[in-house]
Amino acid sequence: MSAATAASAQSVCAPLPVLGRDVTVPLVTGGEVTYAALDYAASAPALQRVWDDVAAYAPYYGSVHRGAGYLSQLSTDLFENARATVAEFLDCRPDDQLIFTRSTTDSLNLLAAVLPADCQVFVFETEHHASLLPWKDARVSYLDAPRTPAQAVATLEAALAGRDRRGPALVCVTGASNVTGELWPVRELAATAHAHGARIVLDAAQLAPHHPVSVRDLDIDWVAFSGHKLYAPFGTGVLAGRADWLRAAEPYLAGGGASRTVTRRADGGVAVEWHETAARHEAGSPNVIGAYAVASACKALTEAGFDTLVARERHLIDKVRAGLAEVSEVRVLSLFGDDAPRVGVLSFVVEGWNSSHFAAALSAEYGIGVRDGLFCAHPLVRTLLGSDPQSQGECGAPEAAPGEKSLNAIRVSFGAGTPDEHVDRFVNAVRQLIRGGAQWQYHTENGRCVPTT
């Protein structure tokens, strides 16, 4: 093995340092164990690099945009430099706007609020609720779940070809499913949208932490993602893309910062001139620490190199898939098939187990944090589960909608900070629980399955 090959192999096996990697948690069976955080799809742990950068800035924290003092000016520069860093991370076009929001959900609700009149929105039923639900004031067409990437493109093609032309159109699509982890054919969907005069927004909440996202290369109109899934705490999201709809609409929130001038009118009211920059939709004091954290995470991932990060994640995905494939009672959920490319997100059900019970046992008896339920993607998970039986066991599943049976699944997710040992422990714990059963008794409390004390 050459020195270069050896160095590459070593880098593939080295997780990025994250907070909480040495945290220990108690087990109901006695003793403690290092916590295995395998719920990255909900919130990824903060990178140590991000935390260190924020700690170094914290003494210099000041108000943004409207202060004459040194700390205020420093914070303003830091905030705007963070905007430029994230725009570079996303490979935005020169005339794109990048707006800091609270989350992906907030970003897509902002875009929904600025849609032109009579806009028609096309969205697959497979979307996370953040991208499925904000379009209530538009004409929405919900598209059936495709079973292949090609079918996704064909479904969108047919829907757009049959639309009326009364107004503009927008397509909303995920880059990677928060349920199955499968990658969607974003570039092909964008080409289809544009061929029919529609625009497209990419929900990159699950894609951006795992793969590079280029606005220009994918030829998308907007992209949205969340800092807390990108190893950055403090509650910041991003919406980046074309400026025209954003400039033409009333501000998402009205208030200081969004307004350029405010004057009294003769009739006793006020006249407002709004900014045309990103500030138009960033009213109020911005979350400068959150924006700086996102920018720091973008730098850290870029410097680590996505080729290395993707290779290492594939190594972990292969471990999990191979381990679960050896257990006949486990069924991994998939839209596009077992061989579909994916990020480090997999959902599954276990024959004879209620998923809430299984997830609770992983936590209480093995110190492994996963997620159970419908993952804020209820239509998709119900489609994937179909009529699979869910044994009630000692803990019932979450309450079902009227007329539906109770369904839920287990999701394991990981990323740049996950060590091999956590994945190995997860696979071994799944085997042990299925073969030997839970070692503890559990009951339902406040809608959650918890150990009985």
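> Could you give an account of the nonpolar core, with specific residues and numbers?
By size, the foremost hydrophobic cluster in this structure holds 84 residues, and its most contacted members are Val86 and Leu90. The element that contributes the greatest number of residues to this core is helix 10 (residues 288-304), accounting for 10 residues. If we ignore the near neighbours within four places in the chain, the residues touching Val86 are Leu98, Phe100, Phe225, Val238, Val294, Ala295 and Cys298. Counting residues in each nonpolar core, the second largest holds 33 residues, with Ala36, Leu38, Leu324 and Cys449 among its members.

> For helix 11 (residues 306-325), give the residues involved together with the corresponding values.
Between its first and last C-alpha, helix 11 extends 28 Å over 20 residues, near the 28 Å set by a 1.5 Å rise per residue. Within helix 11, the full set of buried residues consists of Phe306, Leu309, Val310, Arg312, Glu313, Leu316, Ile317, Val320, Gly323 and Leu324. All buried residues of helix 11 fall inside an arc of 165° around its axis, so they share one side. Residues of helix 11 that are exposed and angled more than 90 degrees away from the buried face: Asp307, Arg314 and Ala325.

> Tell me about the packing of aromatic side chains, and please be specific about residues and values.
If you walk through the whole model with that rule in mind, you get 12 aromatic pairs. Here Phe348 and Phe426 contribute two aromatic rings whose centre-to-centre distance is 6.1 Å and whose plane-to-plane angle is 65°, an arrangement assigned as edge-to-face. In this pair, Phe348 is assigned in strand 14 (residues 345-350) and Phe426 in helix 14 (residues 420-436), connecting sequence segments 78 residues apart. Assigned by exposure class, Phe348 and Phe426 land together as buried.

> Break down the pairing of strand 11 (residues 259-264) for me, with residues and values.
Relative to strand 12 (residues 270-274), strand 11 is paired through 5 bridges, and the arrangement is antiparallel. Across the sheet, residue Val262 finds its bridge partner in strand 12, namely Val272. From the end of strand 11 to the start of strand 12, which pair antiparallel, there are 5 residues, and Gly268 there has a positive phi angle of about 95°.

> Tell me about the side chain of Arg342, residues and numbers included.
Within the secondary structure, Arg342 is located in the loop between strand 13 (330-332) and strand 14. No salt bridge forms around the buried Arg342; measuring N to O, its nearest opposite-charge neighbour Glu182 is 4.5 Å away. Side-chain polar atoms of Arg342 contact the backbone oxygen of Thr180, separated by 2.7 Å. Residues within four places of Arg342 in sequence aside, it is in contact with Thr180, Gly181, Glu182, Leu183, Ile317, Arg321, Val332, Leu333, Ser334 and Gly337.

> Summarise the sheet that holds strand 6 (residues 139-143); cite the residues concerned and give the values.
What the 7 strands build is an open sheet, ordered 4-10-9-8-7-5-6; its pairing is mixed. A strand with exactly one partner marks an edge of an open sheet, and here the two such strands are strand 4 (97-101) and strand 6. Between one strand axis and the next, the sheet turns through 20° on average, direction left out of account. Sheet topology places strand 8 (residues 199-203) next to strand 9 (residues 222-226); 3 bridges connect them, and they run parallel. Along strand 9, the bridge assignment pairs Leu202 with Val223. Across the sheet, helix 4 (residues 104-113) is in contact with strand 4, strand 7 (169-174), strand 8, strand 9 and strand 10 (237-241); its angle to strand 9 comes to roughly 150°.

> Explain the pattern of salt bridges residue by residue, including any values.
Opposite charge on two side chains makes pairing possible when the charged atoms of those side chains draw close. The final tally for this structure, using the stated rule, is 24 salt bridges. The closest approach of N and O atoms between Asp221 and Arg242, which form a salt bridge, is 2.6 Å. Of the two residues, Asp221 sits in the loop between helix 8 (215-218) and strand 9 while Arg242 sits in the loop between strand 10 and helix 9 (244-248), which places them 21 residues apart along the sequence. You can call Asp221 buried: its relative accessible area is 3%. Notably, a salt bridge pairs Asp267 with Arg265, separated by 3.1 Å at the nearest N-O pair. When its relative accessible area of 58% is taken as the criterion, Asp267 is described as exposed. Beyond isolated ion pairs, a larger network of salt bridges with shared partners links Asp118, Arg139, Asp164 and Arg166.

> An account of the environment of Pro149 is needed here, citing residue identities and associated values.
Among the structural elements, Pro149 can be located in helix 6 (residues 149-161). Apart from the residues within four sequence positions on either side, Pro149 is in contact with Pro185 and Phe336.

> Give a detailed account of unusual backbone geometry, specifying residues and quantitative values.
Backbone geometry places Asp118, a non-glycine residue, at a positive phi of 65°. Summarising the element assignment, Asp118 is placed in the loop between helix 4 and strand 5 (120-124). Among the residues examined, Asp118 registers a relative accessible area of 32% and is labelled partly exposed. The phi angle at Phe375 is positive, at roughly 60°, despite the residue not being glycine. Assignment of secondary structure puts Phe375 in the loop between strand 16 (371-373) and helix 13 (378-385). Residue Phe375 is classed as buried on the basis of its relative accessible area, which comes to 7%.

Definitions and limits used
- Residues numbered from 1 in each chain as written.
- Predicted model: local features only at pLDDT ≥ 70, side-chain atom pairs only at ≥ 80, totals over all residues.
- Heavy atoms only, no water.
- Core = buried A, V, L, I, M, F, W, Y, C linked by side-chain atoms within 4.5 Å.
- Buried < 20%, exposed > 50% of the residue type's maximum accessible area, 1.4 Å probe, protein only.
- Helix = DSSP H or I, 4+ residues; strand = E, 2+ residues; numbered from the N terminus.
- Contact = heavy atoms within 4.5 Å.
- Expected span 1.5 Å × (residues − 1).
- Arc of directions from axis to C-beta.
- Phe/Tyr/Trp six-rings, centres within 6.5 Å; stacked < 30°, edge-to-face > 60°.
- Pairing = 2+ DSSP bridges.
- Lys, Arg positive; Asp, Glu negative; His and termini not counted.
- Salt bridge = Lys/Arg side-chain N within 4 Å of Asp/Glu carboxyl O.
- Polar contact = N/O pair within 3.5 Å; in protein donor to acceptor, adjacent residues only side chain to side chain.
- Axes fitted to C-alpha atoms, helices over the stretch in contact; angles between N-to-C directions.

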